[in-house]
Amino acid sequence: MLSDWRALVSAADRDRYQRRDAAWTLALQQAKRQPGSGDLTSLGELIEPGAARPSVAPPVGNYRCRTVKLGSQGGEQGLGYVVYGWFACRIEQTSDGLKFTKLTGSQRPGGLFYPENDRQMVFLGSMALASEPVIRAYGQRPERDMVGAVERIGERRWRLVIPWPMNESNLDLIELVPASGRG
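Residues numbered from 1 in each chain as written. Predicted model: local features only at pLDDT ≥ 70, side-chain atom pairs only at ≥ 80, totals over all residues. Heavy atoms only, no water.

(A) Representation of the overall build of the protein chain in the model. A count of helical and extended segments in the protein chain gives two helices and nine strands. Secondary structure elements of the protein chain, listed N to C terminal, follow the sequence α-α-β-β-β-β-β-β-β-β-β. Its C-alpha atoms give the protein chain a radius of gyration of 15 Å, within 12% of the compact-globule value 16 Å for 183 residues. For the protein chain, the C-alpha atoms occupy an extent of roughly 45 × 35 × 35 Å along the three principal directions. Counting only residues that meet the buried cut, the protein chain has 50% of its 183 residues in that class. For the protein chain, long-range pairs separated by at least 24 residues make up 57% of all intrachain contacts whose partners lie at least 6 apart in sequence. Here the protein chain has roughly 8800 Å² of accessible surface; of this, 51% comes from carbon and sulfur atoms. Within the protein chain, the 20 negative side-chain charges are centred at a point lying 4 Å from the centre of the 24 positive side-chain charges. (Helix = DSSP H or I, 4+ residues; strand = E, 2+ residues; numbered from the N terminus. Rg over C-alpha atoms; globule rule 2.2 N^0.38 Å. Buried < 20%, exposed > 50% of the residue type's maximum accessible area, 1.4 Å probe, protein only. Contact = heavy atoms within 4.5 Å. Areas by Shrake-Rupley, 256 points an atom, 1.4 Å probe, with all protein chains shown as cover. Lys, Arg positive; Asp, Glu negative; His and termini not counted. Charge placed at Lys NZ, Arg CZ, Asp CG, Glu CD.)

Pasting the structure below:
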């Protein structure tokens, strides 16, 4: 049986999660006024805070994913946004629930999706870096822990919203589209 995420989340991550709206506001303001890398205008509902739709749980399988970093922890000095290319990721059913894993790249988040309501699941995960082989469970290395919200934003399109990440941006979005077809 899947635990309630509230019993597992650290106080710092609970605070970040509860301040999602503030992360969206600041990150979008910075993204619109500061230079960036990639095509921000092509992202559509991915960067619209209120785009969540009902029936949130993504199906098990392989996905094409990409990360979009919005805002800059460096204030006006940093890039307002960065749109990265597509990479491979997977969602699998485990005895602990739905597990998300980014399979390629130098920053590979992974973790579990916890039920919250019809429009949102909560993500508790951790970040593997460079050639590290295994993503550790949430809570084992607090400096690598991640908290976020999973939302469906299209027929075959989801996003993982990570407010106040540890590095670089003020809001990270990971877009998920099933690999078996274009989203």
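Additional details are given in the paragraphs that follow.
(B) Layout of the state of the cysteines. With the rule as written, the count across this model stands at one disulfide. For C65, the disulfide goes to C89, at an S-S distance of 1.7 Å. One end of the pair, C65, is in strand 2 (residues 61-70); the other, C89, is in strand 3 (residues 81-94), with 24 residues separating them in the sequence. Take C65 and C89: they sit in the same class, and that class is buried. (Disulfide = S-S within 2.5 Å.)

(C) Focus on unusual backbone geometry. The phi torsion at S55 lies on the positive side, around 60°, for a residue other than glycine. Secondary-structure assignment places S55 in the loop between strand 1 (36-37) and strand 2.

(D) Structural context of the layout of surface pockets. Considering only enclosed or pocket space, the largest pocket measures out at about 510 Å³ in volume. Lining the largest pocket are 27 residues, and of these K69, Q107, M127, E168 and D172 lie nearest its centre. Broken down by element, the residue count for the lining of the largest pocket peaks at three residues, all from strand 7 (residues 145-154). Its residues assigned to classes, the lining of the largest pocket shows 13 nonpolar, six polar and eight charged. (1 Å grid on protein atoms, 1.4 Å probe; cavity = no way out; pocket = protein on both sides within 12 Å on 5 of 7 lines; lining within 4 Å. Points joined across faces, edges and corners; volume = space filled by probe spheres on them. Nonpolar A, V, L, I, M, F, W, Y, C, P; charged D, E, K, R; others polar.)

(E) Broad picture of the packing of aromatic side chains. Applying the stated criterion across every chain, the model contains five aromatic pairs. For the pair F113 and F123, a centre-to-centre distance of 6.0 Å together with 70° between the ring planes defines the contact as edge-to-face. Residue F113 is found in strand 5 (residues 107-117), and its partner F123 is found in strand 6 (residues 120-129); the two are separated by 10 residues along the sequence. Owing to a relative accessible area of 1%, F113 belongs among the buried residues under this scheme. Assessed through its relative accessible area of 0%, F123 is described here as buried. Clustering of aromatic rings is evident, with ring pairs tying together F100, F113 and F123. Of note, K102 hangs over the ring of F87, and the distance from its end group to the ring centre comes to 4.2 Å. (Phe/Tyr/Trp six-rings, centres within 6.5 Å; stacked < 30°, edge-to-face > 60°. Lys NZ or Arg CZ within 6 Å of the ring centre and 35° of its normal.)

(F) Broad picture of helix 1 (residues 11-18). When helix 1 is considered as a whole, its buried residues turn out to be D13, R16 and Y17. Buried residues of helix 1, seen end-on, are gathered within an arc of 100° and therefore sit on one face of the element. When the buried face of helix 1 is taken as reference, the exposed residues oriented beyond 90 degrees from it are A11 and Q18. Lining the buried residues of helix 1 we find helix 2 (20-33), strand 6, strand 7 and strand 8 (157-163). (Arc of directions from axis to C-beta.)

Note that all results are geometric; they support no functional claim without further evidence.
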